[in-house]
Amino acid sequence: MKAWVARMTEEHPDEDAIQKAGEVLKSGGLAAFPTETVYGLGGNALDAAASKKIYAAKGRPSDNPLIVHIARMEDLETVARNIPENARKLAEACWPGPLTMILEKTEAVPYETTGGLDTVAVRFPSNKIAQALILAAGGFVAAPSANTSGRPSPTTAAHVIEDLGDKIDCILDGGMVDIGLESTIVDFTEGTPMILRPGYLNQEMLEKILGTVKMDPGILAEQPNTRPKAPGMRYRHYAPKADLTIVEGPEKEVVSKIRELAGQQMAQGIRVGIICTDETRTEYSGGDVKSIGARSDEASIARHLYGILREFDDDHVEVIYSEAFDTPKMGQAIMNRLLKAAGHKRLKV
Ligand code: AMP
Ligand code: MG
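Residues numbered from 1 in each chain as written. Chains lettered and ligands numbered in written order. Predicted model: local features only at pLDDT ≥ 70, side-chain atom pairs only at ≥ 80, totals over all residues. Heavy atoms only, no water.

Considerations on the packing of helix H7 (residues 157-164) against helix H10 (residues 298-314)
When two helices pack together, you describe them by how their axes are tilted relative to each other and by the distance separating the axes. Where H7 meets H10, the axes come as close as 11 Å, and the angle between the chain directions of the two elements is 50°. As far as their axial angle goes, H10 and H7 are oblique. By crossing handedness, the relation of H7 to H10 is classed as left-handed. In this structure, H7 uses His159, Glu162 and Asp163 to contact H10, whose residues at the interface are Gly307, Arg310 and Asp314. In terms of residue class, the contact of H7 with H10 is made up of no nonpolar, two polar and four charged. (Axes fitted to C-alpha atoms, helices over the stretch in contact; angles between N-to-C directions. Helix = DSSP H or I, 4+ residues; strand = E, 2+ residues; numbered from the N terminus. Parallel < 35°, antiparallel > 145°, perpendicular 65-115°, else oblique. Left-handed = near helix turned anticlockwise from the far one by under 90°. Contact = heavy atoms within 4.5 Å. Nonpolar A, V, L, I, M, F, W, Y, C, P; charged D, E, K, R; others polar.)

Take a look at the structure:
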């Protein structure tokens, strides 16, 4: 099977293609679609067989639950129950948007969708193509990122085609995504709300709305050996094929360390990639040097991270050195993904 692809923009959605993709989902098929975070691989969330197909297409371990996407606030009641006041408050403030909430599941959601858990992850995306598709599909779309399990998440339709083009029914191509990192996941099932996966919405922003919000100790960069609560955060994930090391410290020292290490590798004939920023681009000469974006515009760094990791795969580099990106708002989310891509290999200078 080769997926049909329909190109559109949020401003000019292709209504016919969206309806057709909605029918695909209603009849148990799979459709990839853009969201504001990354591309999702959708199936009917209330259909156990569709969820099984998602796991098979991605090669995803079946204990790693899927996020249920909705496009109407009131639909939350169909999939979740005993919803705490705090969760409603956060939904009011952040939905539609890059927020996923973990809540107690209802009978309507099959265990195939929740990876056997009694809790369910729910998100209401802001992307208009995503919203229209969810409604066309009947309101409930289970969608993990539309990549092969273990590869970087897709931020363009081309990435989806590369990984899943012959495994799914169709792809709605809405161009490059906006944020480029997966949604912030907040767990409401164990008392104080806890961030299980950092994203565009950071701890400080959530605390302004909710008061105290905890951070899952398992996802903090400093504790690579603590077990994260979200099953998906336990896998080495987001990974490029090359051996990636992150070099941290003051900019000048980082640049000279990367130059030194890259030089040593290249002298042995090893293909080296370097991830830098617009600000440091001219400091590097040898190797496959790619700027991820500008430090002065952290959104550009988040948006390009996964695409750059894929480009290095295409270039067949064997070793990658990356600067660290502890930027003010999304730094925690960016470094969380980068450290996972590196298997927590980091060097402080
Ligand atoms: P993806 O959609 O590929 O970005 O992955 C979804 C993420 O949500 C994974 O890290 C899952 O482990 C996590 N997740 C989904 N449902 C739950 C749940 N009920 N409890 C905890 N984490 C969840
Ligand atoms: Mg994923």
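Now that the structure has been shown, we can carry on.
Observations regarding the side chain of Thr327
Note on placement: Thr327 falls in the loop between strand S16 (319-323) and helix H11 (331-341). With relative accessibility at 9%, the residue Thr327 sits in the buried group. Among all residues touching Thr327, those that are not within four sequence positions of it are Glu298, Ile301 and Ile334. (Buried < 20%, exposed > 50% of the residue type's maximum accessible area, 1.4 Å probe, protein only.)

A word on unusual backbone geometry
A negative phi angle is the norm for most residues apart from glycine, just as the trans form is the norm for most peptide bonds. Cis rather than trans, the peptide bond between Trp95 and Pro96 has omega equal to -5°. Mapping Pro96 onto the fold places it in the loop between helix H4 (85-94) and strand S6 (99-105). Phi at Asn82 takes a positive value of approximately 50°, unusual for a residue other than glycine. Checked against the element boundaries, Asn82 lands in the loop between strand S5 (80-81) and H4.

Quick word on the environment of Arg271
Mapped onto the secondary structure, Arg271 falls in the loop between helix H9 (251-267) and strand S14 (272-276). When the C-alpha atoms of Arg271 and Val317 are compared, they prove to be 4.8 Å apart, with 46 residues separating the residues in sequence. Apart from the residues within four sequence positions on either side, Arg271 is in contact with Asp315, His316, Val317, Glu318 and Val319. In terms of polar contacts, Arg271 uses its side chain to reach the backbone carbonyl oxygen of Asp315, at 3.1 Å. (Polar contact = N/O pair within 3.5 Å; in protein donor to acceptor, adjacent residues only side chain to side chain.)

Digging into the sheet that holds S14
With parallel pairing, the five strands of this open sheet are ordered in space as S15-S14-S16-S13-S17. The sheet terminates laterally at strand S15 (288-291) and strand S17 (346-348), the two strands that pair on one side only. Averaged over neighbouring strand pairs, the angle between their axes works out to 20° when direction is ignored. Relative to S16, strand S13 (residues 243-248) is paired through five bridges, and the arrangement is parallel. Each bridged residue has a counterpart across the sheet, and for Ile246 the counterpart in S16 is Ser322. (Pairing = 2+ DSSP bridges.)

Notes on the UniProt feature "domain: YrdC-like" (unreviewed entry) in the protein chain
In the UniProt entry, the feature "domain: YrdC-like" (unreviewed entry) is given for residues 15-201. The span residues 15-201 carries 31% helix and 21% strand; its end-to-end C-alpha distance comes to 30 Å. (UniProt positions renumbered as here; feature names shortened; annotations may be inferred.)

Looking at the site of ligand 1
Near ligand 1 lie 20 residues; those nearest to it are Arg60, Asn64, Thr119, Arg197 and Gly232. The contact in question runs from an oxygen atom of ligand 1 to an N or O atom on the side chain of Arg60, over 2.9 Å. Taking Pro231, its main chain carries an N or O atom lying 3.3 Å from an oxygen atom of ligand 1. In isolation ligand 1 exposes 500 Å². Once the protein is present, 95% of that is buried. Secondary-structure elements contributing two or more residues to the shell around ligand 1 are strand S7 (119-123) and strand S11 (194-197). The dominant element in the shell around ligand 1, judged by the number of residues it contributes, is S7, at three residues. Tallied by class, residues from the shell around ligand 1 come to 13 nonpolar, four polar and three charged. (Near = heavy atom within 4 Å. Areas by Shrake-Rupley, 256 points an atom, 1.4 Å probe, with all protein chains shown as cover.)

A short note on the packing of aromatic side chains
Under the criterion given, the structure shown has one aromatic pair. Relative to Phe124, the ring of Trp95 has its centre 6.4 Å away and its plane inclined at 55°; by these criteria the two rings are tilted. Highlighted residues: Trp95 in the loop between H4 and S6 and Phe124 in the loop between S7 and helix H6 (128-136), separated in sequence by 29 residues. No difference in accessibility class separates Trp95 from Phe124, as the two residues are buried. The side chain of Lys20 reaches across the aromatic face of Trp4, ending 4.2 Å from its centre. Its end group placed over the ring of Phe312, Lys290 keeps NZ or CZ at 5.1 Å from the ring centre. (Phe/Tyr/Trp six-rings, centres within 6.5 Å; stacked < 30°, edge-to-face > 60°. Lys NZ or Arg CZ within 6 Å of the ring centre and 35° of its normal.)

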